[in-house]
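Inside the fold
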Amino acid sequence: MKKDVPHIGLFIPCYIDQFYPNVAIATLELLEKLGCKVTYPLGQTCCGQPMSNAGFEADSEGTTSKFISDFAKFDYIVAPSGSCVLHVKEHSPKVDKLKKNQEHVQSNIYELSEFITDVLKVDSIKGSFPHKIGFHASCHGLRGLRLASDSERNEPPFNKTLQLMKDLEGLEVVELTRKDECCGFGGTFAVSEEAISVQMGKDRIADHVDKGVEIIVGGDMSCIMHMQGIATRDKDNVQLMHFAEILNQVIS
Amino acid sequence: MSHPENATVFLKDKERAKWHDDTLWIVRQKRDVTIHQIPEWEKLRELASQIKDHTLSKLDFYLEELEKNATANGIKVHWAENAEEHNKIIGKILDEKNCKAIVKSKSILTEECHLNPFLEEKGIEVVDTDLGERIIQFLKQPPSHIVMPAIHLKKSDISDIFHEKLHTEKGNVDPVYLTHAARLHLREKFLQAKVAITGVNFAIAETGEFVVCTNEGNADMGVHLADTHIACMGIEKLIPRRKDLGVFLRLLARSATGQSITNYNSHFRSPSPGKELHLILVNNGRTKQLAREKFRNSLKCIRCGACMNTCPIYRRSGGFSYGSTVPGPIGSILSPGIDLKKYSTLPFASTLCGSCTDVCPVKINIHEQLYEWRQEITKAQGASLKGLSMKLANGIFKSPLAYKVSGKLMRASLKTLPDSIIYNPLNAWGKGRNLPNLPEESFKDWYKKNRNK
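Keep in mind that this is a model prediction, so the values were computed, not measured.

Glancing now at the overall build of chain A. Helix and strand counts for chain A stand at 13 helices and eight strands. For a compact globule of 252 residues, the expected C-alpha radius of gyration is about 18 Å, and chain A comes in at 18 Å, within 12% of that figure. Principal-axis analysis of the C-alpha atoms places the extent of chain A at approximately 50 × 45 × 35 Å. Across the 252 residues that make up chain A, the buried fraction comes to 59%. Of the contacts formed within chain A by residues at least 6 apart in sequence, a portion of 79% connects residues at least 24 apart.

Given below as structure tokens:
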């Protein structure tokens, strides 16, 4: 059973739970449609990233222990966020008394598109999505989890998320001028360095809008929340979506 | 001032800030083009990283080997524990030569040691001969970038400065015209100077020689005309063998400017007959950094500046916003080791996007070290308002009930509060951004109704 129908613990980052339930629902339904057995542990809260990136990794041990206890019982842990997955994998503080469980969690946690391509071995999703999109790679997914090749390194090009979308009928993926520049969210950076954060977001959106993109598609709602906030304020004519919403929509 | 304050000021001049961002992005793009012409680029980076790691792990051994071999070549080797000693050594040599004017080619180390003010106080004229350095010297500014020190200035700014200092035509912004004026001006200085000071890009332990890389040939011009050459190097600028050099020369210029190689890579091995060659080995905090396990590999840096060109924060805040000798990502991991309190905002001047780490030709894990410095800084700061809120957050997140209640309260209050309160000037999020549209229920509530009956 484990190999064919893995039992997945669905990890929904706290701000997605509170602000973007539709993205969480899309993730759940998508995994179910792909034949997975998925459970959302109701006690889950947050991975602790906001604290750690602000310099308080040591203070996030309680949150980390809670996370491990919630998820250690699953074969895999899957989340629609590269950033939170990277945090659990690499930056959560070591909890000595939960060492074995922590190791299990850290080596079996996946970002959604990575899980679908690497574990479920799905090459691409079939369907139709006749839109002009731009892909915004979240930095933690890109350079942390290596979900795609980046523009800095000399490596063969790949992109796990776009690979899943490559066969969608009518889909046009626009080449950006700055293929993978950061949107400027950066957690507490968004408020502690407000001026640069907003400027980076504006620049990132402009790169898409200038090329006639209808929808900016991303894999991390934190980037999208930040850019959506700016796009709404500036009345930019562009939508923002998580790729899970698109994939779930096309295969239904 | 803190980095966020400086950055806010920098961004006020929107047009100039955009120009700065675009200009550095062009350098980054040039770098991208050239590294893709080298199929083994990633292998080269790995090799360079390993050579530097190895060298740092036996730094004492290689430094003594360098001293022995350089001395045998006729180079006078000096050791300086700190900036003060470094400046004193130079001061003493200049006194002995009764030298009142020197030419200097770009050296970030002499910047770090504040050599210019030290010498000027002694009545010695210091002329920086790198064009960019000379421009900012006219303005009495520090460099804003370690490779392109005057990158913050436009052609029109330089035209104005040269008009005032070198009496060029007012409003003539032709780069050829301006460079020609600088060349005539500098030639005079080169001819007068008895002592030339240079930095060092690489010192080779095996042969006791060192290498200086410039595009303008100004180091060579200064050194060949002067009777005495003083070269200053941080003790980390070392490589074991001459055959290692090729690895670094291939990486350096490509990473820095997108050139395949710097125009002049000059080797200095022994003084010409009748002349003197001095080499000053400077510590100034480097062994302290070497002792910090998490941060030691910052000493692998070959000062190419690629992390600055790629950094979305550097490009949008300028080199001066960092307030440190070395700005940008690499500066933000070097500077806290020098003065944790003074540079406490620098490791936070990053989204941890990791671009710096991936462009770094010697594979310094810059963004991970930024993260680690954040942990050190909050520990050193002790109890703070931010710390308290993070402890509170941990309390909420480790309890599902507290999380649920606070989430509900937040969603409810954000819905009912008027925009004027949510988007007040104290709310940094709302200054330039709207909040997300709030859903009726959380995912958790939905799941309970739809899956977990």
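As a further point, take the overall build of chain B. Looking only at helices and strands, chain B features 23 helices and 10 strands. Considering only C-alpha atoms, chain B reaches an extent of 90 × 55 × 45 Å along its principal axes. Within chain B, the fraction of its 453 residues that count as buried is 46%. Nonlocal contacts in chain B, meaning residues at least 24 apart in sequence, comprise 73% of its contacts between residues at least 6 apart.

This part takes up the packing of helix 11 (residues 194-209) of chain A against helix 12 (residues 221-234) of chain A. All names here are of chain A. Taken N-terminus to C-terminus, the directions of helix 11 and helix 12 make an angle of 80 degrees; their axes are 9 Å apart at the nearest point. By the angle class used here, helix 11 and helix 12 are roughly perpendicular. On helix 12, the residues touching Val 198, Gly 201, Lys 202, Arg 204 and Ile 205 of helix 11 are His 226, Met 227, Ile 230 and Ala 231. For the contact of helix 11 with helix 12, the per-class residue count stands at five nonpolar, two polar and two charged.

Counting residues at the interface gives 58 residues for chain B and 59 residues for chain A. Looking at the side of chain B that touches chain A element by element, the count peaks at eight residues for helix 19 (residues 385-398) of chain B. Among the residues making up the side of chain B that touches chain A, the classes are represented as 29 nonpolar, 16 polar and 13 charged.

All names here are of chain A. Taken from the UniProt record, the annotation "domain: Cysteine-rich" (unreviewed entry) applies to residues 9-88 and 134-227. Helix makes up 56% of residues 9-88 and strand 11%, and the two end C-alpha atoms of the span are 14 Å apart. Across residues 134-227, the secondary structure splits into 41% helix and 10% strand, with the terminal C-alpha atoms separated by 13 Å.

With their axes 8 Å apart at the nearest point, helix 11 of chain A and helix 1 (residues 3-12) of chain B run at an angle of 45 degrees to one another. Accordingly, the angle class assigned to the pair helix 11 of chain A and helix 1 of chain B is oblique. Of the residues in helix 1 of chain B, those touching helix 11 of chain A at A:Ala195, A:Ile196 and A:Gln199 are B:Ala7, B:Thr8 and B:Leu11. Within the contact of helix 11 of chain A with helix 1 of chain B, the residues separate by chemical class into four nonpolar, two polar and no charged.

Attention now goes to the domain arrangement of chain A. Residues and elements named next belong to chain A. Parsing chain A into structural domains produces domain 1 (7-119) and domain 2 (132-251). Just the C-alpha atoms count here: the centres of domain 1 and domain 2 sit 21 Å apart. Listed by contribution, the elements that provide at least two residues to the side of domain 1 that touches domain 2 are helix 1 (14-19), helix 2 (21-33), helix 3 (49-56), helix 5 (82-91) and helix 7 (112-119). Of the residues forming the side of domain 1 that touches domain 2, the biggest block, seven residues, is contributed by helix 2.

All names here are of chain A. Strand order in the open sheet formed by four strands is 6-5-7-8, and the pairing between neighbours is parallel. Each edge of the open sheet is held by one strand with a lone partner, namely strand 6 (172-173) and strand 8 (239-242). When strand 5 (residues 132-136) meets strand 6, the two strands line up parallel, connected through two bridges. Bridging across to strand 6, Lys 132 finds its partner in Glu 172. In the packing of helix 13 (residues 243-251) onto the sheet, contacts are made with strand 7 (215-218) and strand 8, and the angle to strand 8 comes to roughly 75 degrees.

So, on to the environment of A:Ile12. Within the secondary structure, A:Ile12 is located in the loop between strand 1 (7-10) and helix 1. Residue class for A:Ile12 comes out buried when judged on the 27 C-beta atoms lying within 10 Å of it. Setting aside chain neighbours within four positions, we find A:Ile12 in contact with A:Asp17, A:Ala24, A:Tyr40, A:Ala79 and B:Phe443.

Moving on, we come to the nonpolar core. By size, the foremost hydrophobic cluster in this structure holds 182 residues, and its most contacted members are A:Ile77, A:Val78, A:Met227, B:Phe210, B:Cys232, B:Met233 and B:Cys307. Among the elements that line this core, the one with the most residues is helix 12 of chain A, at seven residues. Contact partners of B:Cys232, with chain neighbours within four places excluded, come to B:His86, B:Ser107, B:Leu109, B:Thr110, B:Ile197, B:Gly199, B:Val200, B:Ile280 and B:Val282.

Residue and element names in this part refer to chain B. Spatially, six strands are ordered 1-10-7-4-2-3 in an open sheet, and the strand pairing comes out parallel. Strand pairing shows two members of the sheet lacking a second neighbour, strand 1 (76-80) and strand 3 (125-128), which therefore form its edges. Taking each pair of neighbouring strands and ignoring which way they run, the sheet shows an average axis angle of 20 degrees. Note that strand 2 (residues 101-104) and strand 3 share four bridges and pair parallel. When the sheet's bridge partners are listed, Ala 101 is paired in strand 3 with Glu 125. Each of strand 1, strand 2, strand 4 (195-198), strand 7 (228-234) and strand 10 (276-282) is contacted by helix 5 (residues 83-97), which is oriented at about 175 degrees to strand 7, the strand it contacts most.

Parsing chain B into structural domains produces domain 1 (38-284) and domain 2 (393-450). Each of domain 1 of chain B and domain 2 of chain B has a C-alpha centre, and these two points are 55 Å apart.

The subject of this paragraph is the environment of A:Gln239. Residues and elements named next belong to chain A. Among the structural elements, Gln 239 can be located in strand 8. With 167 residues separating them along the chain, Gln 239 and Ala 72 place their C-alpha atoms 37 Å apart. When neighbours within four sequence positions are excluded, Gln 239 is seen to be in contact with Glu 214 and Ile 215.

Another aspect to go through is helix 2 (residues 14-35) of chain B. Residues and elements named next belong to chain B. A rise of 1.5 Å per residue sets the reference length of helix 2, with its 22 residues, at 32 Å; its end C-alpha atoms lie 32 Å apart and thus fit the reference within 8%. Regarding helix 2, the residues found buried are Ala 17, His 20, Asp 21, Leu 24, Val 27, Arg 28, Arg 31 and Ile 35. Down the axis of helix 2, the smallest arc covering the buried residues is 120 degrees, so these residues share one side. Exposed side chains of helix 2 directed beyond 90 degrees from the buried face belong to Lys 14, Glu 15, Asp 22, Ile 26 and Val 33. Contacts from the buried residues of helix 2 go to helix 1, helix 3 (41-57), helix 12 (245-256), helix 14 (306-310) and helix 15 (312-317).

Cut-off values and rules
- Residues numbered from 1 in each chain as written.
- Chains lettered and ligands numbered in written order.
- Predicted model: local features only at pLDDT ≥ 70, side-chain atom pairs only at ≥ 80, totals over all residues.
- Helix = DSSP H or I, 4+ residues; strand = E, 2+ residues; numbered from the N terminus.
- Rg over C-alpha atoms; globule rule 2.2 N^0.38 Å.
- Buried ≥ 20, exposed ≤ 12 C-beta atoms within 10 Å, placed from the backbone.
- Contact = placed C-beta atoms within 7 Å.
- Axes fitted to C-alpha atoms, helices over the stretch in contact; angles between N-to-C directions.
- Parallel < 35°, antiparallel > 145°, perpendicular 65-115°, else oblique.
- Nonpolar A, V, L, I, M, F, W, Y, C, P; charged D, E, K, R; others polar.
- UniProt positions renumbered as here; feature names shortened; annotations may be inferred.
- Domains from an automatic or database assignment.
- Pairing = 2+ DSSP bridges.
- Core = buried A, V, L, I, M, F, W, Y, C linked by C-beta atoms within 7 Å.
- Expected span 1.5 Å × (residues − 1).
- Arc of directions from axis to C-beta.

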